[in-house]
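Listed below are the residues making up each chain.
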Amino acid sequence: MFRECFDRVRNQAPLIHNITNAVTINDVANMVLACGASPIMADEAAEVEEITSICSGLNINIGKLSRHMIPAMLLAGKKACELGHAVLLDPVGVGASRLRLETADFLMEEIHFSAIRGNISEIKTLIHGSGHSRGVDAAAADALAGKDVEAMAAVLKNFARETGCIIAATGNVDLVCDSRTCYVIHNGRPEMEKVTGTGCQLSGLMTAFLAANPGHHLEAAAASVAAMGLAGEIGWSHMQPGDGSAAYRGRIIDAICNMDGTLLEQGARFEIC
Amino acid sequence: MFRECFDRVRNQAPLIHNITNAVTINDVANMVLACGASPIMADEAAEVEEITSICSGLNINIGKLSRHMIPAMLLAGKKACELGHAVLLDPVGVGASRLRLETADFLMEEIHFSAIRGNISEIKTLIHGSGHSRGVDAAAADALAGKDVEAMAAVLKNFARETGCIIAATGNVDLVCDSRTCYVIHNGRPEMEKVTGTGCQLSGLMTAFLAANPGHHLEAAAASVAAMGLAGEIGWSHMQPGDGSAAYRGRIIDAICNMDGTLLEQGARFEIC
Amino acid sequence: MFRECFDRVRNQAPLIHNITNAVTINDVANMVLACGASPIMADEAAEVEEITSICSGLNINIGKLSRHMIPAMLLAGKKACELGHAVLLDPVGVGASRLRLETADFLMEEIHFSAIRGNISEIKTLIHGSGHSRGVDAAAADALAGKDVEAMAAVLKNFARETGCIIAATGNVDLVCDSRTCYVIHNGRPEMEKVTGTGCQLSGLMTAFLAANPGHHLEAAAASVAAMGLAGEIGWSHMQPGDGSAAYRGRIIDAICNMDGTLLEQGARFEIC
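Along each chain, the written sequence defines residue order, and numbers are assigned to residues from 1. Starting at A for chains and at 1 for ligands, labels are handed out in the order in which the entities are written. Per-residue local features of the predicted model are confined to residues with pLDDT of at least 70, and side-chain atom pairs are confined, for both listing and counting, to 80 or more; whole-chain, interface and lining totals are unaffected and use all residues. To get the side-chain values, all heavy atoms of the structure are used, and hydrogens and water are removed first.

1. Description of the pairing of strand 5 (residues 115–119) of chain A
Remember that side chains alternate between the two faces of the sheet whenever the strand is regular. Residues and elements named next belong to chain A. Convention followed: Exposure is judged per residue with a 1.4 Å probe applied to protein chains only, and the accessible area is read against the type maximum: over 50% gives exposed, under 20% gives buried, and values in between give partly exposed. Helix and strand definitions follow DSSP, with helices as H or I runs of at least four residues and strands as E runs of at least two, each counted in order from the N terminus. Should DSSP find at least two bridges between two strands, the strands are regarded as paired. With strands facing away from the observer, any crossover in which the path from the first strand over the helix to the second runs clockwise is taken as right-handed.
With respect to burial, strand 5 is a largely interior element, five of its five residues being buried. Direction of pairing for strand 4 (residues 86–90) relative to strand 5: parallel, over a ladder of two bridges. Across the sheet, Leu-89 pairs through a bridge with Ile-116, a residue of strand 5. In this view, the connection linking strand 4 to its parallel neighbour strand 5 by way of helix 5 (residues 98–110) has right-handed handedness.

Written out as C-alpha cells, the structure reads:
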C-alpha cells in the first residue's frame, strides 16, 4: 500500500504550493523535488489564489511567522479547499507564542485541512491550548514509551474526529491517524533532531503524497512519515568519518531522491492500532 | 573567448547586488562567491540605491515575489542603469501569476536590462504574454529538438531586437542571443532540474560575468551558461553511491569553485547560429 | 577554560532566539544545533518579546535588513536585557548603507549588548562611522599584520570600554576583548571567506556560548571564535577531490557538530594581550 502511494507521487509529479518560512524553505523545495513532485513557493496575498489553483496540494507552515503572511495563508487555503486540493497545516512552534497559537486556531476554523502535521509537543498544544513545547522542538517530557503510545493514539483519534483532519504527530515514535485508525511508525533516528527543518521537509513531502493519493489520504500520510524516517536511517548508513549534522541534512534528502515505492514498502516498520 | 570572460571575473572580483527570493538566496550568494565575485543581498527600498552604487552588477529575481520588493527593484534598477552597471532580470515563474507577469512587464518598461535569463517556458511567456509554464519549471512541451532550435533562435533574436537585451533561455538546450547572434549551448545534465535554484544561481553567475566583461556582454552571458552546464557535468562525475539531489546541489557549486577559464574553454560545447 | 565554556553549551542546551537575515538563516539554525544549543528564529514584532522570554540568548543580525524588522529587534532586545539574557549584535554590512549604520547606532543606544561581533571592517565602521567596508566582506586593507594587532587591540579595548560590550572583530586574525583583556586568536583558514555566512554562523554560536556561560562572557566569546576557526581547520582537513566551497560549508558545521570542549581546548591557538 505504501508502495503505491509513493509510486503515484513519482508518476503524477504533483505541483505543490508551499507557504513556508525562510528558515527551511530551500530544504522544503528540494525535498518536494526529491520525492518526484514539483514545488512552488509563494506567500504574497496578491498571487496565492492563482498560484494554488494551478497546483494540487497546499502546505501551510507557520514557522517564523510574519503577520503579513496570514492573509495569504487564508486566501490560499480557502481557494485550495474550494478546488478540493490536499491542504496541510504545520503548526511550527505553536506553543512558543500566542500569535502562533491564535493563527493556528484561526486557520483551523477557516480552512478544512486534509492533515495537520507537527511534533508531538505542537500537536498537544493544539489539543490542550498549551503543552511542553520548548521553542520549535518537541519536549523530552513528551517522548512516548510503552502504554503511552496507545493512550496518545486514543487522544489523537479523538482530535482527528473533532477536526475531521488526519493528525500526524512525530517524535521518538510517529503516530498518524484519522478518527478510527492509527499508524504507529518506528522508522527514523534520533540524530534527525540535530538537523533543522526535517519536520518542515516532512510536511512538504506529506503534502505531495496527499495530493497524489486523493482516495487514500491516511495511508498516504503514513507512507510519507515512514519514507522520511526510512530516509533518516538510509542517510545515516551513508555517513562518512568527519560527517555531522550538515552532511546528514543532505543525505536525508538524497535518500528520498533515491527511494522508490518498493524500497519504502520493504523498509517501513509500523503497526496499526 | 570564454576563457577570458571567466578569468576577468576571477581577476576583478566584481561586487554583485542581488534582489532575490528567500528560496534560493543562500545558493545564489554561494554561487557568486564560487565564481570569484562577491555578493551582497539587499531588498529594502531605503538602502538599495546606495547598495547598488558600490556594486558593478545587479541581479533582479522575481521568484516568491512580494509586492513590497517591487519598489526596491525599481529603485535599484534605475540607479544601476544610470551608473552603467550590468543589470539582469530573472522572470522566475512569470507564467504562474498575473502579478509576476505584470511585474516583469513593468520592470522591462522602466529598466533597461543588459540581459534577461529564464527557462524556455518563462521566456516564451514574456514574448507571448503566456506559455506552457508549469509553476517555476520549464514545461516538457517546451523542450527543443532539431529544427525547433533554429526557429526558436530566430524568435529569441527578434525578442532581443525589440527589447535591446541579451536573451538567455535555458532548457534541454540553452540559447543565448542578441539581435544577430545566437549561442546554442549543449552543456548540462537533465538531473540539474531536480535541484531547486540552479536557474537562480545561473542568474547570479551571469550577472558576475556581465559585470566583469562590459565590452563583451553576449560572450560573457554565453560563457556563464556554458560554465553552469559544465559544472553540472563535472559535479555529476563526482557523485558517490548514496548521493542524490542534495549532494548534487553542492557539487555543482563546488565545480564552479574549482573551475577556471581554461577548463571552461575546453569543456564548453556550443555552436553559433 | 575554553573546554568548560563549550561543555556548558552541550550540557545546558540553551534556547537561542535569532533575528537574522534570510541569506544565512538556515545555516545559523544548523550551527546553533550543531554546538548543542537549540535555535528559534522569529522576527515578527507581535511575538518576539514572548519568544525571547523563553530563551536565554538573543542574536540580532542586520544583514539584508528590512525596515519592518527594526521594531522587532528593539522589542526583543529590550526584553532580553530586562531578563538578563545574553544579547549579541552582528552589524553585517554596516558600512554598505546609511540605513544599516543608523540602525546599528540606534540599537546600540537602546539595547545593552553583551557582545558585538563583526568582521574587522564592520567593527571599524562602528568605531569611526566609516571604514574600508566593501559590501559585506572585510576589506583587504583591513587585514592585520605584526604590530597592527597590538594597536588594533588597544582601539578595540577602548571601544569595549565606551560601549560596555565585549568586542569581537574577525579577520585574518581574530580579536576578542573587553576593556582590559584581548584574546588574539589564530585559528581559521582563509578559504572560510568563500563560504557565505560563516560570520553569521559564528554570531549564532557565540550567542549560545554567552548564554551558557553567564559568569564568563569574555572567555566564552573567545572560545566560540576559536571553535569556529578550529572547525574551519578540521573541516578543511576532510576535503575530498572535487570538493569546493559548498562542501566546505557543510564540513565546517559538521566539525562543530563533532567537536567537544576537550578538542577545542587542544586546538585553540591564541595569546592574550
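2. A closer look at the relation of the copies chain B and chain A
Applied cut-off: The copies were overlaid with a least-squares fit restricted to C-alpha atoms from residues scoring a pLDDT of at least 70 in each copy. Note on contacts: a residue pair is in contact if any heavy atoms of the two residues lie within 4.5 Å.
The two copies are related by a screw motion: chain B maps onto chain A through a turn of 120° and a shift of 0.0 Å along the axis, at an RMSD of 0.0 Å. The two molecules are tied by a three-fold rotation axis, judged by turn and shift. Minimal C-alpha separation from the rotation axis in chain B is found for B:Ala22, amounting to 3.4 Å. Interface residue correspondence from chain B to chain A reaches only 7%, placing this contact among heterologous pairings that use different surfaces.

3. Side note on the interface of chain C and chain A
Note the threshold: What counts as buried area is the accessible surface, traced by a 1.4 Å probe, that two parts surrender upon association, with contributions from both included. Any carboxyl oxygen of Asp or Glu within 4 Å of a side-chain nitrogen of Lys or Arg constitutes a salt bridge here. Pairs of N or O atoms within 3.5 Å make up the polar contacts considered here, provided that, within protein, one atom can donate a hydrogen while the other can accept it, and that residues adjacent in sequence are counted only when both atoms are side-chain atoms.
Each partner contributes to the interface: chain C provides 32 residues, whereas chain A provides 29 residues. Together chain C and chain A conceal approximately 2500 Å² of surface at their shared face, both sides included; 47% is due to carbon and sulfur atoms. There are four salt bridges connecting chain C and chain A. When the shortest N-O distance is used, the salt bridge between C:Glu47 and A:Arg100 registers 2.8 Å. Here chain C and chain A share 17 residue pairs in polar contact (both at pLDDT 80 or more) between them. Breaking the side of chain C that touches chain A down by element, the ones donating at least two residues are helix 2 (25–34), strand 2 (38–41), helix 3 (45–53) and helix 10 (245–258) of chain C. Take the side of chain C that touches chain A: its biggest share by element is seven residues, from helix 10 of chain C.

4. Description of the side chain of B:Asn21
All names here are of chain B. The residue Asn-21 is located in the loop between strand 1 (15–19) and helix 2 (25–34) in this model. Taking relative accessible area as the criterion, Asn-21 reaches 3% and is therefore assigned buried. Within polar-contact distance, the side chain of Asn-21 engages the backbone nitrogen of Val-23 at 2.9 Å. Among the polar contacts made by the side chain of Asn-21, one reaches the side chain of Asn-61 at a distance of 2.8 Å. For Asn-21, the contacting residues outside a window of four places in its chain are Asn-61, Gly-63, Lys-64 and Cys-200.

5. Brief notes about the relation of the copies chain C and chain A
When chain C is fitted to chain A, the best match, at an RMSD of 0.0 Å, comes from turning it 120° and sliding it 0.0 Å along the axis. A low fraction, 6%, of the interface residues of chain C reappear at the interface in chain A, so the copies pair through non-equivalent surfaces.

6. Remarks on the packing of helix 3 (residues 45–53) of chain A against helix 4 (residues 69–82) of chain A
The description of two packed helices rests on the angle between their axes and on the distance between the axes. Residue and element names in this part refer to chain A. Under the convention used in this document: Interaxial angles span 0 to 180 degrees and are taken between N-to-C directions of axes, which are lines fitted to C-alpha atoms, for helices over the stretch in contact. Under this scheme an angle from 65 to 115 degrees is roughly perpendicular, one under 35 degrees roughly parallel, and one over 145 degrees roughly antiparallel; angles in between are oblique. Crossing handedness: left-handed means the near helix sits turned counterclockwise from the far one by under a right angle, and right-handed means the same turn made clockwise. Think of it as three bins: nonpolar holds Ala, Val, Leu, Ile, Met, Phe, Trp, Tyr, Cys and Pro, charged holds Asp, Glu, Lys and Arg, and polar takes everything else, Gly as well.
Remark: helix 3 packs on helix 4, axes separated minimally by 8 Å, with the N-to-C direction vectors making an angle of 25°. Regarding the angle of helix 3 to helix 4, the classification is roughly parallel. In the crossing of helix 3 with helix 4, the sense of the turn from one axis to the other is right-handed. Here Ala-45, Val-48, Glu-49, Thr-52 and Ser-53 of helix 3 come into contact with helix 4, specifically with Ala-72, Leu-75, Ala-76, Lys-79 and Ala-80. Classifying every residue of the contact of helix 3 with helix 4 by side-chain character gives six nonpolar, two polar and two charged.

7. Here we look at the packing of aromatic side chains
Residue and element names in this part refer to chain A. For clarity, the threshold we go by: In this analysis, rings of Phe, Tyr and Trp, with Trp reduced to its six-membered ring, are considered paired at centre separations within 6.5 Å, and the interplanar angle assigns stacked below 30 degrees, edge-to-face beyond 60, and tilted for intermediate values.
Within the structure shown, the criterion is met by 15 aromatic pairs over all chains. When the ring of Phe-2 is compared with that of Phe-270, the centres are 4.9 Å apart and the planes differ by 25°; the resulting orientation is stacked. Note that Phe-2 is positioned in helix 1 (residues 2–12) and Phe-270 in strand 9 (residues 270–272), a separation of 268 residues in sequence. An angle of 45° between the planes, with centres 5.1 Å apart, marks the rings of Phe-6 and Phe-209 as tilted. Of this pair, Phe-6 sits in helix 1 while Phe-209 sits in helix 8 (residues 198–212), placing them 203 residues apart in sequence. Of the two residues, Phe-6 and Phe-209, neither departs from the other in class, the shared state being buried. Among the aromatic residues, those joined into a cluster by ring pairs are Phe-2, Tyr-183 and Phe-270.

8. A few points about the packing of helix 5 of chain A against helix 3 of chain C
Orientation of helix 5 of chain A relative to helix 3 of chain C, taken along the N-to-C sense of each, is 125°, at an axis distance of 8 Å. By the angle between their axes, helix 5 of chain A is oblique relative to helix 3 of chain C. For the pair formed by helix 5 of chain A and helix 3 of chain C, the contact residues are A:Arg98, A:Leu99 and A:Arg100 on the first element and C:Ala46, C:Glu47, C:Glu50 and C:Ile51 on the second.

9. Some remarks on the nonpolar core
To be explicit about the condition: Side-chain atoms within 4.5 Å are what join buried Ala, Val, Leu, Ile, Met, Phe, Trp, Tyr and Cys residues into a set we call a nonpolar core.
Of all hydrophobic cores here, the largest spans 174 residues; its most connected members are A:Leu264, B:Leu264 and C:Leu264. In this structure, C:Leu264 is in contact with C:Phe2, C:Phe6, C:Phe209, C:Ala223, C:Ala226, C:Ala227, C:Leu230 and C:Met259, ignoring residues within four places of it in sequence.

10. Details of the pairing of strand 8 (residues 182–185) of chain C
Residue and element names in this part refer to chain C. Here strand 8 shows no split at all, with Cys-182 and Val-184 on one side and Tyr-183 and Ile-185 on the other all buried. Here strand 7 (residues 174–177) runs beside strand 8; their pairing, made up of four bridges, is antiparallel. Bridging across to strand 8, Cys-177 finds its partner in Cys-182. Where strand 7 hands over to strand 8, the hairpin turn is made up of four residues, counted between the paired strands. Bridging between strand 8 and strand 9 (residues 270–272) involves three bridges; their strand directions are antiparallel. Bridging across to strand 9, Ile-185 finds its partner in Phe-270.

11. Overview of the confidence of the model for chain A
Stated precisely, the cut-off is as follows: pLDDT expresses, on a scale from 0 to 100, how confident the predictor is about each individual residue.
Mean pLDDT for chain A: 95, with 97% of residues reaching 70 or above. For this predicted complex, the interface confidence score (ipTM) comes to 0.94, while the overall pTM stands at 0.96.

12. Observations regarding the sheet that holds strand 5 of chain A
Residue and element names in this part refer to chain A. Strand order in this open sheet of nine strands is 2-1-3-4-5-6-7-8-9, and the pairing throughout is mixed. Each edge of the sheet is formed by a strand with only one pairing partner; in this case those strands are strand 2 (38–41) and strand 9. Taking each pair of neighbouring strands and ignoring which way they run, the sheet shows an average axis angle of 20°. Inspection of the sheet shows strand 6 (residues 166–170) paired to strand 7 (residues 174–177) by three bridges, in the antiparallel sense.

13. Topic: the interface of chain B and chain A
Opposite the 29 residues of chain B that make contact, chain A presents 32 residues. In total, chain B and chain A occlude about 2500 Å² of area from one another, counting both sides; carbon and sulfur atoms represent 47% of this. Linking chain B to chain A there are four salt bridges. A:Glu44 is the partner of B:Arg67 in a salt bridge, and the nearest nitrogen-oxygen pair spans 2.7 Å. Along the contact surface separating chain B from chain A lie 17 residue pairs in polar contact (both at pLDDT 80 or more). For the side of chain B that touches chain A, the secondary-structure elements that each account for two or more residues are helix 5 (98–110) and helix 10 (245–257) of chain B. A per-element tally of the side of chain B that touches chain A places helix 10 of chain B first, with four residues.

14. Re the sheet that holds strand 7 (residues 174–177) of chain B
Residue and element names in this part refer to chain B. Across the sheet, which stays open at both edges, the nine strands sit in the order 2-1-3-4-5-6-7-8-9 with mixed pairing between neighbours. Taken across any chain shown, the strands that pair with only one partner, and hence form the sheet edges, are strand 2 (38–41) and strand 9 (270–272). For this sheet, the mean angle separating the axes of adjacent strands, direction not counted, is 20°. Two strands pair when backbone bridges link them, and strand 1 and strand 3 (residues 57–61) are joined in this way by four bridges, in the parallel orientation. Considered in strand 3, the bridge of Ile-19 is made with Ile-60.

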